[in-house]
Amino acid sequence: MIDFRDRVAVVTGAGSGIGAATAHLLSAAGADVVVVDIDACAAERTADDLPGRAIAVTADVSREEDVDRYLEAAVEAFGAVHLHHLNAGIAGPADPLPDLDVADFDRVLAVNLRGPFLGLRAAFRQYRRQDTGGAVVITASIASLRGSHDLLPYQISKHGLLGAVRGGAMYGGPIGVRVNAVAPGLVPTGLASDDLLQRGRTVPQRRTGTPDEVANAVAYLLSDAASYVNGEVLAVDGGAASVSSVRASGGAGAWDPAVVDAYQGRGPTFAG
């Protein structure tokens, strides 16, 4: 029932996964779509597969000039931009905290935090030029809402996105721009590993999610159906963020300690 006719949408990280699923959904609902990805071939494939008008732009979202360029391409092709899904991100290293490399940390924050900041700023600049409102959705993560010690640079970057969402919402609200986020849980974007599928069985819905399920949430937040939703983070995680790890009914004891110990590299003597 969502209608995006006469709307132009930019989707970053749209060469695959959640970004590609969002691009397809928005296009099917009538939007003109600007497919942005650092992988030129992937961006072209997504754009070519869309049912509506689309262009592909190769860009590194951590570079200011690339962000400006994808918006310029969008306006040149379609005249304006109304919707933004700032989705591009990388996982980064899973090394233990003492072994993390600063260069790896900086790269994760450049893509996952600086990139959405640049995209958000560019969106507001374009809205000002157009003298219009609009909607922005940032892809956060369950890692924005809960803690773990693996993928620490990723987790730090995703926590930081919540500040961007709330600050953007406060600034944008009075001028008709809404800024929200989705927080996906376990959502395989390729061939799922046995480990990922096993962890998926510990969430309340007992499975992993799909890119299409996240895209549905993004489309809702971008649509007029969410016209009074601003500054919110919508978890799309099968209920994982609601789990209480200290109650048996909430998941405590549902994991094999030996598996967890091996995953953490502690060996069978680790007593947690």
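Data block above holds the structure.
Residues numbered from 1 in each chain as written. Predicted model: local features only at pLDDT ≥ 70, side-chain atom pairs only at ≥ 80, totals over all residues. Heavy atoms only, no water.

Looking only at helices and strands, the protein has eight helices and seven strands in total. The 272 residues of the protein split such that 46% are buried. Taken as a whole, the protein presents about 13,500 Å² of accessible surface, with 54% of it coming from carbon and sulfur. (Helix = DSSP H or I, 4+ residues; strand = E, 2+ residues; numbered from the N terminus. Buried < 20%, exposed > 50% of the residue type's maximum accessible area, 1.4 Å probe, protein only. Areas by Shrake-Rupley, 256 points an atom, 1.4 Å probe, with all protein chains shown as cover.)

Time to look at the pattern of salt bridges. Going through the model one piece at a time under the given rule, you end up with 10 salt bridges. The partner of Asp-3 in a salt bridge is Arg-5, and the shortest N-O contact between them spans 2.5 Å. Residue class for Arg-5 comes out exposed when judged on its relative accessible area of 57%. Residue Arg-199 pairs with Asp-195 through a salt bridge whose shortest N-O separation is 3.0 Å. Of this pair, Arg-199 and Asp-195 both sit in helix α6 (residues 194-200), four residues apart, which is roughly one turn of the helix. A single salt-bridge network, built from bridges that share partners, covers Arg-63, Glu-65, Asp-66 and Arg-69. (Salt bridge = Lys/Arg side-chain N within 4 Å of Asp/Glu carboxyl O.)

Next up on the list: unusual backbone geometry. The backbone phi angle of Asp-6 is positive, close to 70 degrees, even though this residue is not glycine. Topologically, Asp-6 is positioned in the segment before β1 (8-12). Relative accessible area serves as the criterion here: at 74%, Asp-6 is assigned to the exposed category. For Leu-151, which is not a glycine, the phi torsion comes out positive at approximately 50 degrees.

Attention shifts here to the sheet that holds strand β3 (residues 54-58). The strand order across the open sheet built from seven strands is β3-β2-β1-β4-β5-β6-β7, with neighbouring strands paired in parallel fashion. At either end of the open sheet lies a strand with only one pairing partner, and these are β3 and β7 (233-236). Taken pair by pair, the neighbouring strands of this sheet meet at an average axis angle of 15 degrees, ignoring direction. Across six bridges, the pairing between strand β5 (residues 134-139) and strand β6 (residues 177-184) is parallel. Across the sheet, the residue bridging to Val-137 is Asn-180, located in β6. This element, helix α2 (residues 40-49), spans β2 (32-37) and β3 of the sheet and lies at about 175 degrees to β3. Across the sheet, helix α5 (residues 152-172) touches β5, β6 and β7, and the angle it forms with β6 is around 160 degrees. (Pairing = 2+ DSSP bridges. Axes fitted to C-alpha atoms, helices over the stretch in contact; angles between N-to-C directions. Contact = heavy atoms within 4.5 Å.)

Tracing the sequence through the fold places Ile-18 in helix α1 (residues 17-28). Given the relative accessible area of 10%, Ile-18 is considered buried. Counting along the chain gives 195 residues from Ile-18 to Glu-213, while the straight-line C-alpha distance between them is 8.8 Å. Here Ile-18 is in contact with His-85, Asn-87, Pro-184, Val-187, Thr-189, Pro-211 and Val-214, once residues within four sequence places are set aside.

What follows is about the environment of Ala-21. By the element assignment, Ala-21 lies in helix α1. On the basis of relative accessible area, Ala-21 is assigned to the buried category, the value being 8%. Separated by 195 residues in the primary sequence, Ala-21 and Asn-216 place their C-alpha atoms 8.8 Å from one another. When sequence neighbours within four positions are dropped, the list of residues in contact with Ala-21 reads Pro-211, Asp-212 and Ala-215.

In this section: the pairing of β1. Of all five residues making up β1, five are buried, and the element is well covered by its neighbours. Residues Val-8, Val-10 and Thr-12 line one face of β1 and the alternating positions Ala-9 and Val-11 line the opposite face, and both faces are buried. Two elements, β1 and β2, share five bridges in a ladder whose sense is parallel. By the bridge assignment, Val-8 is partnered in β2 with Asp-32.

Honestly, that's just the spatial picture; any functional story needs more than this.
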